[in-house]
Amino acid sequence: MTVLGLSDFSLVTCLGSGRANTMSALRGGRSGLLPCRFDTLPLAAYVGEVPGLDATQLTGEWAPFDCRNNRLAALALAQDEFLRTVAQARARYGAARIGVFLGTSTSGILQTETAYRHRDSSGALPPGFNYARTHNTYALGHFVRDYLRLSGPAFVVSTACAATSKVFVSAARMIEAGLCDAAIVGGADSLCATTLFGFHSLGVVAEGPCRPFDAARNGISIGEAAGFALLEKPGDQHGPDSVLLLGAGESSDAYHMSSPDPDGKGAARAMQLALQAAGLAPSEIDYINLHGTATLAGDASEDRAVSHLFGNKIPCSSTKGFTGHTLGASGIVAAIISALAIQGGFLPGSPHTNHVDPEFSSAYALRGRTARLQRVLSNAFGFGGVNCSLVLGRAA
Amino acid sequence: MTHLYIEGIGLRGLGLNGWAQSAPVLAGLADYAAAPVEVPLCPLLPANERRRAPKTVNLALAVAAEAFSASGRSPLTTPVVFSSSGGEGETIHGILSTLASPQRELSPTRFHNSVHNAAAGYWSIGTGATSASTSLCAYDDSFAAALIEAAAQVAANQPVAMIVYDVPYPAPLCLVRPIGAAFGMALVLSPQPSAASLARLDLTLRPGACAAPTAAPLTLDYLRQSTPAARSLPLLAALAANMASVVSLDYLTDMTLTLQITPRPAPGWQA
């Protein structure tokens with residue numbers, strides 16, 4: 001695979017807005033999970049809620065796009081220098097040569113949940129409800145492409161919890177095929193009743209904060225997040241501290257719609273293909289950012305896959321105890337946390353995880369520590385048995 | 001500019017039940033007769049999965065199976081690109097109705113069927129395919145988006161199948177998002193010509209709105225105008241006519257995707 005540079009990236013999770021807040025929480029081992037106060041949901045659960053979204057309306061030209069998911073996207077785009085970096089890329093390549101490949105699982109469906117509660121006596125949705133620009137899966141892509149004043153190829157990938165990893169692969173292929181010169185990747189997923197009650201119906205939502213890889217883990221904590229990265233071919237803009245996309249691997253479980261293959265064969269295959277694309281041996285990976293959502297079956301399957309491929313020497317951890325499982329955004333959250341870990345020389349730990357499942361054999365890192373990380377692998381797996389692994393590395 | 005070879009076609013739409021039956025209609029050699037979309041329950045799925053699978057899934061799997069069967073290529077090792085202009089309408093309506101009611105307990109099956117990649121998941125389970133799949137949405141331009149993603153995969157020197165489908169939403173969602181009729185199509189595509197190749201396709205993506213998107217044959221153009229997946233009809237008609245031609249597609253209102261079609265017997269089709 002052609003190596004690409006992450007020229008810039010931006011992130012908002014329950015840990016805070018921007019890179020400094022995220023890094024400070026990771027270093028301090030501070031989880032952002034709190035008891036669920038979202039909406040009026042009578043659920044005993046912890047969530048990773050981004051504060052203040054209710055109060056930050058999109059206005060003017062962007063008012064038709066106003067919904068929680070697009071507000072979250074706008075907040076992430078505004079962090080650090082991301083808008084300026086995109087403007088520079090726009091000047092360098094032209095707006096039509098920058099693609100926008102984003103991921104989400106539920107887009108702005110919260111808007112429709114509210115609209116359904118306000119149907120009139122004929123059953124019609126309230127006037128002013130804008131399906132295309134809020135609920136539709138592409139609404140996020142439409143909003144971000146317009147907001148960044150870009151006019152290159154675009155679509156939204158919606159492969160459940162692997163969506164914002166797979167966009168890296170699509171973008172890399174598009175750039176390689178010459179359909180664009182650079183790409184905005186990433187995406188957003190925001191809290192809504194559909195996923196909170198949906199995962200609850202599957203019996204996989206923990207009452208307390210999620211505890212990935214813990215012997216006493218009992219389910220996920222749902223979070224919300226938006227993150228974006230600018231991908232382009234390596235150039236002068238990438239210094240030695242820059243993070244590169246070295247490889248990616250994709251596979252399907254062919255097992256079950258909502259349960260992982262217990263043997264972790266699909267997950268192992270995605271990781272193996274990512275290593276192969278990067279031309280690396282397993283021993284050349286310094287840290288694995290696991291999908292690790294804290295479900296009984298999911299963590300066991302991933303541990304098996306990681307142990308099979310990497311043995312018990314490569315340190316790994318899931319950062320879902322910090323952010324919650326941000327579903328469709330989990331891929332970009334994992335990728336950006338991995339990039340921050342590489343740049344900051346810090347291997348993140350796993351808040352709320354106290355005793356690693358004794359059945360597991362991977363080298364799970366409970367506490368964060370300083371470490372020089374040259375190359376990191378990050379995992380995202382989703383419903384439908386879709387798996388995607390990315391390998392990121394330091395430029396020099 | 002990228003190019004690819006079409007090895008197999010699947011099609012289901014109003015009066016278009018299968019490629020073999022539909023090609024003469026699309027080529028203008030047989031009369032079009034509007035008839036309901038026949039979506040066979042997918043034989044790939046075990047009986048219990050088939051029953052639980054929503055209509056979009058059965059439609060997508062039917063056209064995918066038809067295209068693969070025509071191509072002779074194995075689904076086991078061929079990556080797939082699924083694309084739809086929206087979600088699984090009946091399933092999402094069911095979830096939203098439940099969430100608006102006092103008793104907000106969802107069905108777990110309905111929840112996993114609600115994901116945009118449900119069709120890809122069922123396809124992988126049904127065929128046993130462990131290769132990559134992706135599932136896209138670009139609203140009205142979801143067909144063009146799938147074609148671009150598929151072309152980029154073919155450019156990476158691998159065969160790929162693309163499956164594009166839409167099913168109308170139930171009320172009240174259909175009032176804010178009208179979709180003409182159920183429509184599904186699939187293409188199996190490869191980087192090199194083979195015995196199964198029907199035509200060569202050259203794609204060019206240009207900035208600027210499409211001045212004149214190619215229309216579908218007259219009786220079918222209302223489908224193209226009302227159903228995003230049916231924006232594939234001009235390409236399908238060109239393939240059915242088996243003549244060199246050019247099809248222009250509108251993409252995201254400010255780009256144009258041009259498809260140059262060279263049928264198999266034409267000179268230079270392999271070049």
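Residues numbered from 1 in each chain as written. Chains lettered and ligands numbered in written order. Predicted model: local features only at pLDDT ≥ 70, side-chain atom pairs only at ≥ 80, totals over all residues.

(A) Molecular detail of the overall build of chain A. A tally of helices and strands in chain A yields twelve helices and 17 strands. Taking 2.2 N^0.38 as the reference for a compact globule, 396 residues should give roughly 21 Å; the C-alpha atoms of chain A span a radius of gyration of 20 Å, in line with that estimate. Taken over the C-alpha atoms alone, chain A extends approximately 60 × 50 × 40 Å along its principal axes. Summarising the internal contacts of chain A: among those between residues at least 6 apart in sequence, 80% fall at separations of at least 24. (Helix = DSSP H or I, 4+ residues; strand = E, 2+ residues; numbered from the N terminus. Rg over C-alpha atoms; globule rule 2.2 N^0.38 Å. Contact = placed C-beta atoms within 7 Å.)

(B) Structural view of the overall build of chain B. In terms of regular secondary structure, chain B is built from ten helices and nine strands. For 271 residues, the compact-globule estimate of 2.2 N^0.38 gives 18 Å, and chain B sits close to it at 18 Å. The principal-axis extent of the C-alpha atoms belonging to chain B is close to 65 × 40 × 35 Å. Expressed as a percentage of its 271 residues, the buried residues of chain B come to 58%. Considering only residue pairs separated by 6 or more positions, chain B has 71% of its internal contacts joining residues 24 or more positions apart. (Buried ≥ 20, exposed ≤ 12 C-beta atoms within 10 Å, placed from the backbone.)

(C) View of the interface of chain A and chain B. Listed as interface residues are 55 residues of chain A and, on the opposing side, 53 residues of chain B. Where the side of chain A that touches chain B is concerned, the elements lending two or more residues are α4 (109-117), α5 (131-135), α6 (139-147), β6 (154-157), α7 (163-176), α8 (193-201), β10 (243-252) and α9 (265-278) of chain A. Counted by class, the side of chain A that touches chain B contains 25 nonpolar, 21 polar and nine charged residues. Bridge count between β6 of chain A and strand β4 (residues 133-137) of chain B: two bridges; the pairing is antiparallel. (Nonpolar A, V, L, I, M, F, W, Y, C, P; charged D, E, K, R; others polar. Pairing = 2+ DSSP bridges.)

(D) Quick look at the packing of α7 of chain A against helix α12 (residues 330-344) of chain A. Residue and element names in this part refer to chain A. Contact geometry of α7 with α12 gives a least axis separation of 5 Å together with a crossing angle of 70°. With respect to α12, the element α7 is oriented roughly perpendicular. Judged by residue contacts, A163, T164, S165 and F168 of α7 engage G331, I332 and A335 from α12. Along the lines of polarity and charge, the residues of the contact of α7 with α12 split into four nonpolar, three polar and no charged. (Axes fitted to C-alpha atoms, helices over the stretch in contact; angles between N-to-C directions. Parallel < 35°, antiparallel > 145°, perpendicular 65-115°, else oblique.)

(E) The sheet that holds strand β4 (residues 46-48) of chain A, seen in detail. Residue and element names in this part refer to chain A. The sheet built from three strands is open, its strands ordered β3-β4-β8 with mixed pairing. At either margin of the open sheet sits one strand with a lone partner, and together these are β3 (34-35) and β8 (222-223). Both β4 and β8 contribute to a ladder of two bridges, which runs parallel. If you follow G48 over to β8, its bridge partner there is G223.

(F) Here's a closer look at the nonpolar core. Residues and elements named next belong to chain B. Counting residues in each nonpolar core, the largest one holds 236 residues, and the members touching the most others are A161 and M162. Ranked by the residues each element gives to this core, the list is headed by helix α3 (residues 55-71), at eleven residues. Setting aside residues up to four positions removed in sequence, A161 forms contacts with A64, A67, F68, T78, V80, A186, L187, V188 and L189. (Core = buried A, V, L, I, M, F, W, Y, C linked by C-beta atoms within 7 Å.)

(G) Focus on the pairing of strand β17 (residues 386-394) of chain A. Residues and elements named next belong to chain A. Within β17, nine of the nine residues are buried, which leaves it mostly tucked inside the rest of the structure. Side-chain alternation along β17 places V386, C388, L390, L392 and R394 on one buried face and N387, S389, V391 and G393 on a second face that is also buried. Pairing between β10 and β17: nine bridges, direction antiparallel. Among the inter-strand pairings, A248 is bridged to a residue of β17, identified as L390. With eight bridges joining them, strand β16 (residues 375-382) and β17 adopt antiparallel strand pairing. If you follow V376 over to β17, its bridge partner there is L392. Here β16 folds back onto β17 in antiparallel fashion, the turn holding three residues, of which G384 has a positive phi close to 85°.

(H) Summary view of the environment of V80 of chain B. Here V80 of chain B shows up in strand β3 (residues 80-83). Non-local contacts of V80 of chain B, meaning those with residues more than four positions away in its chain, are made with A120, W123, S133, A161 and I163 of chain B.

(I) Focus on the packing of helix α2 (residues 68-77) of chain A against α6 of chain A. Residues and elements named next belong to chain A. Close contact between α2 and α6 brings their axes to 10 Å; oriented N to C, the two are set at 35°. Crossing geometry of α2 relative to α6 is assigned as right-handed. Together, N69, N70, A73, A74 and L77 of α2 and A139, L140, F143, V144 and Y147 of α6 make up the contact between the two elements. By residue class, the composition of the contact of α2 with α6 is eight nonpolar, two polar and no charged. (Left-handed = near helix turned anticlockwise from the far one by under 90°.)

(J) Fine view of α4 of chain A. Within α4 of chain A, eight of the nine residues are buried, leaving the element largely enclosed by the surrounding structure. Of all the positions in α4 of chain A, only I109, L110, Q111, T112, E113, T114, A115 and Y116 of chain A are classed as buried. Against the buried residues of α4 of chain A lie α2, α5 and α8 of chain A together with α4 (89-99) of chain B.

(K) Representation of the environment of V167 of chain B within the structure. Residues and elements named next belong to chain B. Tracing the backbone through its elements, the reader meets V167 in the loop between β5 (160-166) and α8 (173-176). As a C-alpha pair, V167 and I179 span twelve residues in sequence and 7.2 Å in three-dimensional space. Each residue touching V167, except ones within four places of it in the same chain, is listed here: K55, T56, L59, G89 and A182.

(L) Just the pairing of strand β9 (residues 255-263) of chain B, in detail. Residues and elements named next belong to chain B. Bridge count between strand β7 (residues 199-207) and β9: nine bridges; the pairing is antiparallel. Along β9, the bridge assignment pairs L201 with I261. With seven bridges joining them, strand β8 (residues 245-251) and β9 adopt antiparallel strand pairing. Looking across to β9, one finds that S248 is bridged to T258.

(M) Structural context of helix α10 (residues 296-310) of chain A. Residues and elements named next belong to chain A. Compared with the 21 Å implied by 1.5 Å per residue over 15 residues, the 21 Å span of α10 between its first and last C-alpha is a close match. Listing the buried residues of α10 in full gives G298, D299, S301, E302, D303, R304, A305, V306, L309 and F310. Where α10 is buried, its residues touch α9, β11 (287-289), β12 (315-317) and β16. Following α10 by one or two positions, G311 adopts a phi angle in the positive range, close to 70°. (Expected span 1.5 Å × (residues − 1).)

(N) Summary view of the environment of L223 of chain B. Residues and elements named next belong to chain B. Secondary-structure assignment places L223 in helix α9 (residues 221-226). Overall, L223 belongs to the buried group, with 21 C-beta atoms counted inside 10 Å. In sequence terms L223 and G94 are 129 residues apart; their C-alpha atoms lie 27 Å from each other.

(O) Highlighting unusual backbone geometry. Of note, the bond from A171 of chain B into P172 of chain B is cis; its omega dihedral lies within 30 degrees of zero at 5°. Positive phi outside glycine occurs at L327 of chain A, with the angle close to 50°. Looking at where L327 of chain A falls in the secondary structure, it is placed in the loop between α11 (320-323) and α12. A positive phi angle is found at N157 of chain B, which is not glycine, with a value near 65°. Note that N157 of chain B resides in the loop between α7 (142-155) and β5.

Read these as spatial facts, not as claims about activity.
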